[in-house]
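Architecture at a glance
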Amino acid sequence: MAATAVTLCGIELENPIIPASGTFGYGQEFAQLYDINMLGTFSFKGTTRAPRFGNPTPRIAEYAGGMLNAVGLQNPGVDAVIAHELPELKKVFHKPVMANVSGFSVEEYAEVCARLDAQPQVGWLEVNISCPNVHGGGAAFGAEPSAAAEVTRAVRAVTKKPIILKLSPTAADIAAVAKACEDAGADGVSLINTLPGMRIDLARRRPLLANRTGGMSGPGMFPLAVRMVYQVYEAVHIPIVGMGGVTSAQDVLELMLAGATAVGVGAAKRCTPQMPTRMAAEAAALTQPNGSCRRSTPASTDTTVEKLMSAAVRATGSTSSARLSARYDSTEATTLKNTMASANGACVIGSTTALRSCRCSSTDSTPNAAAPMPQVMYVRSKAVKLPEQARQATM
């Protein structure tokens, strides 16, 4: 397994980078620019039962921290996706693809998922529960746990494929929604979706978007995404696809430290279409012992950390390649914790791979004085939850 390989709901990805739904179409446009098989996978455009033209224009606007969009789930409908988009995708993409499903009723979600369940190219069904429930007062299905669970149960009943519920940051308690989805049969969750926002044109004194409001995305959302992934990780035992404002390989690793198994990339591709593949390459470099952009440590540290990592695997029973933490009540793992602290900021991205801190410049092996790194970092694991005192020591 490659250093950056992860397993998402039982399916292996060569790397954790997943272009997010709504930013990658059905793959064809980006396949003209580079080999999209370099990606872990991608989530294709949100698909509904019937074709949707989407919202009127203008439906894209900028703000200092990113962009607003009110595209309105424009898509050709599930029949066209099966008849045309998937056969065309098969010519250029040779991995399982994540199918994003949107709906405006529980029945629509179930019907679209049932149709896509029969498609061998589809590896996962990502169910977007940020859509409004037109039969339930218009609130998003993901706004509260019971509605999210209802959708999850309906989809679980019609498919054997892994289902990943895409959560909305507008939920009052996103961790409770995630837990309800898990209890109802979800194999994973993805978060965060966009957050509703608005801009006003001063010259016209009207909203910039024809729809008035739109979903916020971009780097301004990243701290919110990290916080919510961290909270959801505490509540569930299923994989998390983290997303929201990711613009660098360091952001990818930060979300994985918060608890994500894989990471979605969205708005960053608007300016740089090759950004996901660049992130994958940089993340691989950051996890290699001799790569740049890491704090220097004694030459013997790598061997020591690798030896103790193997001990930690034995102590915890964890063999996850995505994230690993130590049992702090075991002798071997306590030694590991102390060694990592003395190593001035080692991380673990695999069972035996030491990852240095990665906030320094790509040309300087010393840390940026303006952005000091913590003495201990960790990749979160479900093997054992980190005790509160140990967590506080890393913050």
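Residues numbered from 1 in each chain as written. Predicted model: local features only at pLDDT ≥ 70, side-chain atom pairs only at ≥ 80, totals over all residues. Heavy atoms only, no water.

For the rest of this paragraph, the subject is the side chain of Asn37. Mapped onto the secondary structure, Asn37 falls in the loop between helix 1 (28-31) and strand 4 (60-63). For Asn37, a relative accessible area of 15% corresponds to the buried category. A distance of 2.8 Å separates the side chain of Asn37 from the backbone nitrogen of His94, its partner in a polar contact. Once residues within four sequence positions are removed from consideration, Asn37 is found in contact with Glu14, Val92, Phe93, His94 and Lys95. (Helix = DSSP H or I, 4+ residues; strand = E, 2+ residues; numbered from the N terminus. Buried < 20%, exposed > 50% of the residue type's maximum accessible area, 1.4 Å probe, protein only. Polar contact = N/O pair within 3.5 Å; in protein donor to acceptor, adjacent residues only side chain to side chain. Contact = heavy atoms within 4.5 Å.)

Taken across its ten residues, helix 5 (residues 174-183) has seven buried, putting it largely inside the fold. For helix 5, the secondary structure elements touched by its buried residues are helix 4 (145-156), strand 8 (163-166), strand 9 (188-191) and helix 6 (222-235). Looking one or two residues beyond helix 5, the residue adopting positive phi is Gly185, at roughly 120 degrees.

Right, let's talk about unusual backbone geometry for a bit. The omega torsion across Thr57 and Pro58 is 0 degrees, close enough to zero to call that bond cis. Note that Pro58 resides in the loop between helix 1 and strand 4. Positive phi is not limited to glycine here, since Leu73 has a value of about 55 degrees. Mapped onto the secondary structure, Leu73 falls in the loop between strand 5 (66-69) and helix 2 (78-90). If you check the backbone angles, Arg205 has positive phi at about 55 degrees while not being a glycine. Along the chain, Arg205 turns up in the loop between strand 11 (200-201) and strand 12 (206-207).

So, about the packing of aromatic side chains. According to the stated counting rule, one finds five aromatic pairs in the structure shown. A ring pair is formed by Phe24 and Phe42, whose centres lie 4.8 Å apart and whose planes are at 45 degrees; its orientation type is tilted. Of this pair, Phe24 sits in the loop between strand 3 (17-19) and helix 1 while Phe42 sits in the loop between helix 1 and strand 4, and the two are 18 residues apart along the sequence. The class of Phe42 is buried, set by a relative accessible area of 0%. (Phe/Tyr/Trp six-rings, centres within 6.5 Å; stacked < 30°, edge-to-face > 60°.)

Here the focus is the packing of helix 4 against helix 5. Remark: helix 4 packs on helix 5, axes separated minimally by 8 Å, with the N-to-C direction vectors making an angle of 30 degrees. Between helix 4 and helix 5, the interaxial angle falls into the category roughly parallel. Considering the relative orientation of helix 4 and helix 5, their crossing is right-handed. Contacts between helix 4 and helix 5 involve Pro145, Ala148, Ala149 and Thr152 on the former and, on the latter, Ala176, Val177, Ala180 and Cys181. Split into classes, the residues belonging to the contact of helix 4 with helix 5 amount to seven nonpolar, one polar and no charged. (Axes fitted to C-alpha atoms, helices over the stretch in contact; angles between N-to-C directions. Parallel < 35°, antiparallel > 145°, perpendicular 65-115°, else oblique. Left-handed = near helix turned anticlockwise from the far one by under 90°. Nonpolar A, V, L, I, M, F, W, Y, C, P; charged D, E, K, R; others polar.)

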